[in-house]
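Structure at a glance
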Amino acid sequence: MEINNIYSESGIIITLILILIPVVIASMIITMKAYAYLDRKQKIRELEKFNAYLKELSPDEVQKLEQRKRELEFALSNNELAGDTSPMDHKGLITAVNDVETLRFIEQKKKSQPRPYIEPELTKLILWYIGCATFWLLLGTTIGEYLGIKFVAPDVDHFSWLSFGRLRPVHTNMVFWGWASLAMMGLAYYVIPRVSNVPIQNVKTGYYSLILINASVIIGSICLMAGINNGGGEYREYIWPVMALFGAGIVISLINFFKTIANRTTKEIYVSNWYIISAMMFLLVIAFVAYWPTWQSGLGETIVQGYYMHQGVGMWFMLFNLGLMYYFLPQQLNKPIYSYSLGILAFWAQILFYTLIGTHHFIFSAIPWWLQTIAIVGSAGMVFRLWQEQPIS
Ligand code: HEM
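Predicted model only: the values in this text are computed from it and were never measured.

Before going further, it helps to spend a moment on the packing of helix H4 (residues 164–196) against helix H5 (residues 203–225). Remark: H4 packs on H5, axes separated minimally by 9 Å, with the N-to-C direction vectors making an angle of 175 degrees. Comparing the axis directions of H4 and H5 gives the class roughly antiparallel. Counting all contacts with H4, which are made through Arg166, Pro169, Val170, Asn173, Met174, Trp177, Gly178, Ser181, Leu182 and Tyr189, the residues of H5 involved are Gly206, Ile213, Ser216, Val217, Gly220, Ser221, Leu224 and Met225. Considered class by class, the residues forming the contact of H4 with H5 number 10 nonpolar, 7 polar and 1 charged.

Neighbouring the ligand are the residues Thr141, Gly144, Glu145, Leu147, Gly148, Arg168, His171, Thr172, Val175, Trp179 and Ala180. Every element with two or more residues in the shell around the ligand is listed here: helix H3 (120–152) and H4. Broken down by element, the shell around the ligand gets its largest block of residues, 6 residues, from H4. In terms of residue class, the shell around the ligand is made up of 4 nonpolar, 5 polar and 2 charged.

Attention shifts here to the domain arrangement of the protein. The domains assigned to the protein are domain 1 (116–269) and domain 2 (299–393). Relative placement of domain 1 and domain 2: their C-alpha centres are 22 Å apart. The partner domain 2 presents 10 residues to the 10 residues of domain 1 that form the contact. Split by residue class, the side of domain 1 that touches domain 2 holds 6 nonpolar, 2 polar and 2 charged.

Definitions and limits used
- Residues numbered from 1 in each chain as written.
- Predicted model: local features only at pLDDT ≥ 70, side-chain atom pairs only at ≥ 80, totals over all residues.
- Axes fitted to C-alpha atoms, helices over the stretch in contact; angles between N-to-C directions.
- Helix = DSSP H or I, 4+ residues; strand = E, 2+ residues; numbered from the N terminus.
- Parallel < 35°, antiparallel > 145°, perpendicular 65-115°, else oblique.
- Contact = placed C-beta atoms within 7 Å.
- Nonpolar A, V, L, I, M, F, W, Y, C, P; charged D, E, K, R; others polar.
- Near = placed C-beta within 6 Å.
- Domains from an automatic or database assignment.

Spelled out as structure tokens, the structure:
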């Protein structure tokens, strides 16, 4: 089909509108901020004028103003009727008085907590991670919006690069690897040095890792839009060299984290580090099993798909986020975790049971029965795992 003017294509118009929405909102916020800034400046100028005026007043006028200030500040003490004497109950009319003034079960929320010192270079690195993650979130969800539009208007455009089949994996992979994974990694750069009580071993290699992960999402998305993909299973559409870039990024940070934890000044390795480090190690296993092309055919591919989908969620996203939560939840609630041992038990139960459950989607299938049995047993075992997950009392 010949296209005369791409701006008359409804797909392009809708995309432009979607881009325009955040731009308009950002402009409104900037205008409001600028207005508030000018307003503040104006108030400061008025205050300075008023100060100059006060300096020129005679002692009499100053005294009058102070008198007026005292009058305006006058307020009742609110015990005019009761007086200051303590209450007495000679006739024993008041009984069962409860002395507890605060709720016993809920810790009083602190208004503010002292912030731990973070080296400025590390702060910058973490902000880069979070910034890139946010970028992928905005782009990924904009693509999601466009996919949603395609549900109701399938003919919205006729470019092969923007077809639903190609954009869908662009969306899903972008939010997994670009948004969620980079945000998790950024927060790990915060948590690991905190709970190890030492600075991060090397800030610079954190940037190499960030560049490699970003590169894999950029190249992966372009490849998918160009129709170059893994062909096989859902959520692993990037071709293996692209995923190898992602894996290399993870390896660099993993070494960085290992060295930081090895330098720790705490006796124990805090449970957050157990979870985060093993999630990163599992990511490498998952990526190798799911992307290496040699065994991706026939029934083997189905088994790999079941394994991959579960391990991606359970051993990368969930394990990693649990590690982060074991730090942030107690820290924000200002309470210690209920049981450190339960956290460790949960960790091993997760590794023992969760890694075995992939085939439970293919019960009574052609997959060997022993593998299906293992998946069923592993899935039932998750009952123990979930019961243990109660980090806060
Ligand atoms: C405004 C935000 C978003 C919109 C409009 C959106 C839209 C979509 C659409 C239209 C699909 C295709 C559904 C299908 O093929 O039936 C999809 C799939 C998916 N999206 Fe999003 N999405 C958004 C945000 C996100 C985020 C933030 C994540 C993850 C962090 C995410 C993860 C997924 C996943 C996992 C799928 C595959 C679901 C499935 O196969 O059932 N999405 N999204």
